[in-house]
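# Secondary and tertiary structure notes
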Amino acid sequence: MAELPVPELPAAPARCSGRFTISTLLGMEEGGWGPYAPAEGAGCDSAHPTHLSGGTLCTRTFGYNTVDVVPAYEHYANSKGVRDAGKGRPSLADLHSILKPDPGHLRTPVSDPQRSNGLPEPGPEEAAGEPGRAPTPEPVRFGWVKGVMIRCMLNIWGVILYLRLPWITAQAGIALTWLIILMSVTVTTITGLSISAISTNGKVKSGGTYFLISRSLGPELGGSIGLIFAFANAVAVAMHTVGFAETVRDLLQEHNSLIVDPTNDIRIIGVVTVTVLLGISLAGMEWEAKAQILFFLVILVSFINYLVGTVIPATAEKQAKGFFSYRADIFAQNFVPSWRGPEGSFFGLFSIFFPSATGILAGANISGDLKDPAVAIPKGTLMAIFWTTVSYLVLSATIEHEHGVWIRPPHHGGDFWRYPLLGTGLPCLSPQSLPGWRPSFRYYSKWAALFGATVSVVIMFLLTWWAALIAFGIVIFLLGYVLYKKPDVNWGSSMQASSYNMALNYSVGLSEVDEHIKNYRPQCLVLTGPPNFRPALVDFVGTFTKNLSLMLCGNVLIGPRKQKMPESRLMADGHTKWLVKRKIKAFYTDVVAEDLRIGVQMLIQAAGLGKMRPNILVLGYKRNWQMASPQSLEDYVGILHDAFDFKYGVCLMRMKEGLNVSRVMQAHINPTFEAAEHPEENGISGRAALGTADPIALAGEQQASTIFQSEQGKKTIDIYWLFDDGGLTLLIPYLLGRKKRWGKCKIRVFVGGQINRMDEERKAIVSLLSKFRLGFHEVHILPDINQKPRPEHIKRFDDLIAPFRLNDGFKDEATVNEMRQGCPWKISDEEVDKNRAKSLRQVRLNEILLDYSRDAALIAITLPIGRKGRCPSSLYMAWLETLSQDLRPPIILTRGNQENVLTFYCQ
């Protein structure tokens, strides 16, 4: 436990009102009050409260003198985990870090003692109001009977019960009618179980069916299906209203009391009915609920009247109309079907009846007006399904008539408005391996939900295939629109969980696949530092890895872990959003290390997952190596050696104007800014001059344009494949040339050769490239690659390494090592002499590059390797400097790990 500085206790403390006062049981235990423990019966609430009052400590921590707190509802009330810093549990740093004497360093666990017992406290949406204002009146909340069961029963019964069920029974008979009822109820029951599971998988707020679907399947499906539900409910009102108006019209017609004529009477009665319903809705939920009770009682009276009428002896007039009392011969005759008319088929009648069973979402649609949706929705919905099923079975069994001659057939086959509702089993397909899927409703099965969803889709096409296609078309259109708009919401939906599960399964499955050259991908660990500091490096790699392979932007934060970890957590999200805004498909990761090289070693060893691991290290050229500290020079070259040691390929990028734009960015934001030191150009963050920026500002900052975002036109990409590195020097420019912005560029390949064998060597390289199927047809042989460079260029190289020479006069090795003690980057005279040929080659290659590729769009050249322990870092950097100096195009120095990345075999 993290102990607190012991506050001074008042001389006469008041009695404790906290619920968890057990100080008499603590005694002298470690972490207790110790000598400051209150006496038995002493209180914890102080008359003179301190920064951490005794009352707070007592009620929150069982009397322990600690920052730690007991579990409480409010700690988990926010699903996103973002809470007021002054409330809730203390941070890990508060408990784990070294305790500072300043009490302001610690969070104060603020809590009302009367609410410190773990019971729910009102959230922001439940607050009564601001201090000083009159309390907001509590909205009407309904229980499971009035809010869900009655509402669902009214929607399930509806107009089908009175106008269609007798006619269906007359056609299909009692047996098949029961089968139709039970089939319909099976689908709606499965849907009801799924709705119950979703409504008990967390706190349900207002929004009804849309809320349930969107929070389970995401805003894309929630928005598309939610709009169709809203439309379906609106049309449902019209259907029920027309059915009611037809019935009233028939009663008026029976008594010769028509208002105008049979058709217009339906319109008049319908408009009046909808207007009355609108008035009830505008009056508020309380009046709407009262109206629901009234309608429910009216329907119950009609049921009772119906059942009582079946036992009253039928008069001759009633028998003439087809009404009889209970008779075994008529029951047996009505038990079997008697098909008549165009709708006389099983699925035709099923399509007419099914809409009567689908009003089960009426309760869930007012989820925001329920006292406890997690209890009301499951209980009310399932009870409504049960009682309405019983009523349908009973009423269909008591229909006694002569083949239904008195019953009016429907005007159309089925009700189109219900077809979208047949997909209600679809919220229910949440992946069961998501830890967030923990419904308290126990009677849910993912297989039952899948069965219900499948049956729903099948029924849609069996009933009316063209209506099903229209419904699917609307859903797909709306889904595409919402996906295009990309709503900025995060609800932890199952769509997100499914994406994770798919990625996880594929990644694990990929580990079982043997590697093959044909499936090689250049997976790049890019030492960008903060990615927005080196946009050209990010754009270059993102161009050829997009939709093809892994790109991971790495950043090394140098300094004490305790100091840098908050910066790491703060900035990671901002850097990721910056990459998304720039349309770079890459990951961002950072490490905290004591120095640069150790941090990069950590990234090289730990980056990636399974087979999705980097195999190429990409970094920027260390532009200021001559002025940098010797240790940073050693670290930079050491990083290249480490990459080769870990079997990485290396890709090093140099641009004439440099890569690091942090100074430009800061000057744009703050014109008075002056950097304390020149930012490093090597693609490694270390000590960037900017410091920590706001992550929101970082994600929204103005994007710097680079050459890799521009159309290159008909320029050339020049590849100098000087040494066989496995083909990586060829592969990266090839992938770059496949992109639209670089598609018009002609790719030229330069290789070394002998002047007397130029044709043969050119044909051999052309043949090899054609077998690689890279499409490179312009090949140039460089016969003068081994010629001696011009004297002025040789002198320039000698002047470049002069400040780093040891000038030992070819002394023995022991003496040289003694002279170089503490400065391993120094170059001995023997090392200059042994590497003279290689040094002159770099000078000559620079002359060739200036001759042939001065106007190229990009130059790719094989990176020379300095042998570890034999080539000092300053000499190696002099090679790179000499090779790439005075060139305007971006230069990519690439060296594979000497293993093939290209093949011309098909197996």
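A few points on the structure. (Residues numbered from 1 in each chain as written. Predicted model: local features only at pLDDT ≥ 70, side-chain atom pairs only at ≥ 80, totals over all residues. Heavy atoms only, no water.)

## Some remarks on the pattern of salt bridges
For the structure shown, the criterion picks out 19 salt bridges. In this structure, D799 engages K795 in a salt bridge whose closest nitrogen and oxygen atoms are separated by 3.0 Å. Of this pair, D799 and K795 both sit in helix α25 (residues 791-801), 4 residues apart, which is roughly one turn of the helix. Judged by its relative accessible area of 44%, D799 is partly exposed. Among the residues examined, K795 registers a relative accessible area of 51% and is labelled exposed. Across the salt bridge formed by R844 and E847, the nearest N and O atoms sit 2.8 Å from each other. Placement of both R844 and E847 in helix α28 (residues 836-852) is noted, with a separation of 3 residues, approximately one turn of the helix. Take R844 and E847: they sit in the same class, and that class is buried. Taken together, the salt bridges that share partners define one network made up of D784, R844 and E847. (Salt bridge = Lys/Arg side-chain N within 4 Å of Asp/Glu carboxyl O. Helix = DSSP H or I, 4+ residues; strand = E, 2+ residues; numbered from the N terminus. Buried < 20%, exposed > 50% of the residue type's maximum accessible area, 1.4 Å probe, protein only.)

## Re the environment of S391
The topology assignment puts S391 in helix α13 (residues 373-397). For the pair S391 and W157, spaced 234 residues apart in sequence, the C-alpha to C-alpha distance is 9.1 Å. Each residue touching S391, except ones within four places of it in the same chain, is listed here: W157 and F303. A polar contact is formed between the side chain of S391 and the backbone oxygen of T388, at a distance of 2.6 Å. (Contact = heavy atoms within 4.5 Å. Polar contact = N/O pair within 3.5 Å; in protein donor to acceptor, adjacent residues only side chain to side chain.)

## Some thoughts on the nonpolar core
Residues W157, F353 and Y392 are the most contacted members of the largest nonpolar core, which totals 61 residues. Among the secondary structure elements, those contributing two or more residues to this core are α4 (144-163), α5 (165-199), α6 (208-217), α7 (219-254), α9 (285-311), α12 (346-353), α13 and α14 (446-463). The residues contacting F353, other than those within four sequence positions of it, are I160, L165, I168, I180, I181, S184 and Y392. If you look at the next biggest cluster of nonpolar residues, it comprises 58 residues, including V591, I785, L800 and F804. (Core = buried A, V, L, I, M, F, W, Y, C linked by side-chain atoms within 4.5 Å.)

## Considerations on the environment of C553
Relative to the assigned elements, C553 resides in strand β2 (residues 551-558). C-alpha of C553 to C-alpha of V526: the two residues are 27 residues apart in sequence and 4.9 Å apart in space. Beyond its immediate chain neighbours, meaning those up to four positions away, C553 contacts V526, T528, P531, L579, A586, F587, Y588 and T589.

Bear in mind that shape data such as this cannot, by itself, settle questions of function.
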